[in-house]
Every structure is written in structure tokens, then in C-alpha cells.
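Here is what each chain is made of, one letter per residue.
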Amino acid sequence: MPGDGNMLDVLSTMLTEFTSRNDQALPSSRGTGVSVFEAYQAPVISIKKYFARLDKYFFTSDECYVISVILIDRLINRHPGLYLTSFNVHRLLATAVVVSAKMRDDCYYSNKYYSSVAGIRLSELNYLELRFLVLLDFDLHVGLDEFCKYIHQISMQYGPIVGQSQKYVLMAEKLIEEQGTDDEDMDTDDEGEGEGEGEG
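Cut-off values and rules
Numbering of residues starts from 1 in each chain and follows the order in which that chain's sequence is written. In keeping with the model being predicted, local features are shown solely for residues with a pLDDT of at least 70 and side-chain atom pairs are shown and tallied solely at 80 or more, while totals for entire chains, interfaces and linings include all residues. To obtain the side-chain values, all non-hydrogen atoms of the structure were used and water was disregarded. Starting at the N terminus, helices and strands are each numbered in turn, a helix being any DSSP run of H or I of at least four residues and a strand any DSSP run of E of at least two. Working rule for helices: expected span equals 1.5 Å times residues minus one. The contact rule is simple, with two residues in contact once any of their heavy atoms fall within 4.5 Å. Aromatic rings from Phe, Tyr and Trp, taking only the six-membered ring of Trp, are treated as a pair when their centres fall within 6.5 Å; an angle between ring planes under 30 degrees marks them as stacked, one over 60 as edge-to-face, and anything in between as tilted. Per-residue accessibility, obtained with a 1.4 Å probe over protein chains only, is compared with the maximum for each type, and a residue is labelled buried under 20%, exposed over 50%, and partly exposed between these values. In this analysis an axis means a line fitted to C-alpha atoms, helices contributing only their contacting stretch, and an angle means the value between N-to-C directions, from 0 to 180 degrees. Throughout, the term roughly parallel applies to angles under 35 degrees, roughly antiparallel to angles over 145, roughly perpendicular to angles from 65 to 115, and oblique to all others. Handedness of each helix crossing follows the sense of rotation of the near helix against the far helix: counterclockwise by less than a right angle gives left-handed, clockwise gives right-handed. Classification convention: Asp, Glu, Lys, Arg as charged; Ala, Val, Leu, Ile, Met, Phe, Trp, Tyr, Cys, Pro as nonpolar; all other residues, Gly among them, as polar. For our purposes a nonpolar core is just a set of buried Ala, Val, Leu, Ile, Met, Phe, Trp, Tyr and Cys residues, chained together by side-chain atoms within 4.5 Å. Under the rule applied, a polar contact is a pair of N or O atoms within 3.5 Å (in protein, one hydrogen donor and one hydrogen acceptor; residues adjacent in sequence only if both atoms are side-chain atoms). On a scale of 0 to 100, pLDDT captures the predictor's confidence in every residue.

**Overview of helix α6 (residues 122–135)**
Helix length check: α6, at 14 residues, gives a terminal C-alpha distance of 20 Å against a target of 20 Å (1.5 Å per residue), a fit within 8%. The secondary structure elements touched by the buried residues of α6 are α3 (62–78), α4 (89–104) and α5 (111–118). Positive backbone phi, at 55°, marks aspartate 137, one or two positions downstream of α6.

**Things to note about the packing of aromatic side chains**
With the rule as written, the count across this model stands at 7 aromatic pairs. Taking 6.4 Å as the distance between ring centres and 85° as the angle between the ring planes, the aromatic pair formed by phenylalanine 37 and phenylalanine 132 counts as edge-to-face. Of this pair, phenylalanine 37 sits in the loop between α1 (6–25) and α2 (47–58) while phenylalanine 132 is found in helix α6, placing the two residues 95 residues apart along the sequence. For the pair phenylalanine 37 and phenylalanine 132, a shared accessibility class is recorded, and that class is buried. A connected cluster of aromatic rings, assembled from ring pairs, spans Phe58, Phe59, Tyr109, Tyr113 and Tyr114.

**Looking at the packing of α1 against α2**
Relative orientation of the contacting elements α1 and α2 amounts to 140°, with a least axis distance of 9 Å. Classed by the angle they form, the pair α1 and α2 counts as oblique. Handedness of the α1/α2 crossing: right-handed. On α2, the residues touching Leu8, Asp9, Leu11, Ser12, Leu15, Thr16 and Thr19 of α1 are Ile47, Lys48, Phe51, Ala52 and Asp55. Here the residues of the contact of α1 with α2 sort into 6 nonpolar, 3 polar and 3 charged.

**Considerations on the nonpolar core**
Formed by 55 residues in total, the largest nonpolar core has its most connected members in Leu11, Phe132, Phe147 and Ile154. Sorting the residues of this core by element identifies α1, α2, α3, α4, α5, α6, α7 (144–158) and α8 (166–198) as the ones contributing at least two each. For phenylalanine 147, the residues in contact, after removing those within four places along its chain, are Glu63, Val66, Ile67, Ile70, Val142 and Tyr168.

**Overview of the side chain of asparagine 88**
Tracing the sequence through the fold places asparagine 88 in the loop between α3 and α4. Only 2.8 Å separates the side chain of asparagine 88 from the backbone oxygen of tyrosine 83, close enough to count as a polar contact.

**So, the confidence of the model for the protein chain**
Confidence in the prediction for the protein chain averages 84 pLDDT; 83% of positions are at 70 or higher. Mean pLDDT across the secondary structure elements of the protein chain bottoms out at α8, with 64, and peaks at α5, with 97. Across residues 195–200 the pLDDT falls below 50, and counting only partners more than four positions away or on other chains, this stretch makes 0 contacts in the model.

**Topic: unusual backbone geometry**
Generally, phi is negative for residues other than glycine and the peptide bonds are trans, each holding for most cases. A positive phi angle, close to 55°, is found at aspartate 137, a residue other than glycine. You can see aspartate 137 is positioned in the loop between α6 and α7. The residue phenylalanine 138 is not glycine, and still its phi comes out positive at about 60°. By secondary structure assignment, the location of phenylalanine 138 is in the loop between α6 and α7. Owing to a relative accessible area of 52%, phenylalanine 138 belongs among the exposed residues under this scheme.

**Focus on the environment of aspartate 105**
Note that aspartate 105 resides in the loop between α4 and α5. Here aspartate 105 is in contact with Thr60, Ser61, Cys64 and Ser100, once residues within four sequence places are set aside. A polar side-chain atom of aspartate 105 sits 3.0 Å from a polar atom in the side chain of arginine 104.

Here it is, written out as C-alpha cells:
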């Protein structure tokens with residue numbers, strides 16, 4: 001089921017901001033550690049339009065898109081030399097969405113179909129997918145807590161998130177509230193133990 005539009009706008013805004021910042025900050029937007037994802041030239045199509053194209057023809061869900069961005073974030077954190085730039089963001093996004101769709105969605109398509117939509121040769125997409133998995137050490141699991149907190153974070157910074165995905169924002173707020181209550185209970189217990197030890 002395609003996304004409802006709003007989630008794509010929020011994620012596109014975030015990726016565009018990161019990419020623009022890195023393009024300006026780095027001496028060169030090329031040669032940023034994981035060159036396999038870098039194009040010879042930065043694609044002309046904007047991140048927002050590219051994301052919209054993937055959404056139109058990939059027929060995947062908002063949840064899949066969020067997981068894709070979480071995996072890209074995880075990849076960058078594990079490889080400090082890798083930065084999102086205008087030379088690699090489109091390939092990284094397409095690869096991450098393909099991996100996420102296969103992992104999460106009940107219905108997904110062949111890489112031949114995905115490559116035609118993404119504008120990447122089939123052999124190249126196959127290789128990018130394999131490298132993406134290897135660089136992540138096949139660590140693709142995204143727990144509900146991580147998922148909800150990520151949505152809450154991007155909603156606060158780039159949102160608001162509305163539509164069907166808003167339920168995850170509410171879930172995240174509930175989780176954060178519950179964890180805050182648990183922390184307060186732990187502090188109270190610690191204080192009680194300290195008082196008990198002081199007696200006698």
C-alpha cells in the first residue's frame with residue numbers, strides 16, 4: 001500500500017537537509033568512504049521527486065520508508081567515513097527501500113522491476129543490495145521502540161506527521177511517558193534504599 005504522502009514529505013525534507021548540509025561542508029562530495037553507492041554525477045531529480053517516484057511504483061508502505069531511513073542512519077553510524085551527499089543519496093535510498101520491502105512487506109517485486117523504477121541497472125542494484133547488507137552485517141531488525149522513537153524524533157524536527165502514521169507518534173509518546181515513569185520509580189526506590197542503609 002503506497003504511503004499517504006505526508007510521511008514522504010517529512011522524510012524527504014530530512015534527507016534533503018542532511019544532503020545539502022554535507023554537500024556544503026565536505027571539501028568534495030565524492031570519495032566519502034563507501035564509493036560503491038556514489039554516482040559519477042549527482043542526479044538532477046530532487047530527493048522529494050525521486051522518493052515520490054519510488055512510492056508511486058514500488059507500492060510499499062510508510063512503515064517501510066521509515067525502516068529504510070533507519071537502516072541508512074544505522075549504516076552511516078557504523079561507517080564514519082560515509083556521509084549522505086547528492087552523489088549517493090538516491091542509490092542509498094533506492095537500495096534501502098528494496099531491502100526494507102523484502103524484509104517487511106508481504107508483497108514485493110523482483111529486482112528487475114525495482115531497477116527499472118529506480119533508474120539503476122539490474123546488475124548494479126543486485127550488487128548495491130548485497131553491499132548494503134554486508135556493510136550492515138545483515139543487522140536489519142528494527143524493534144517497535146526504536147521505530148516509534150525515530151518517528152517521534154523526525155516528527156518533532158521535520159513534522160508534524162499526520163495520517164495513518166500518526167499512530168506511531170502517539171505510541172512513541174506513550175512509550176516515552178512510560179519510560180519516564182519507570183525512571184522516576186527507580187529513583188524513588190534508590191532513595192528509599194539509601195535511607196534504609198543510613199539507619200541503625
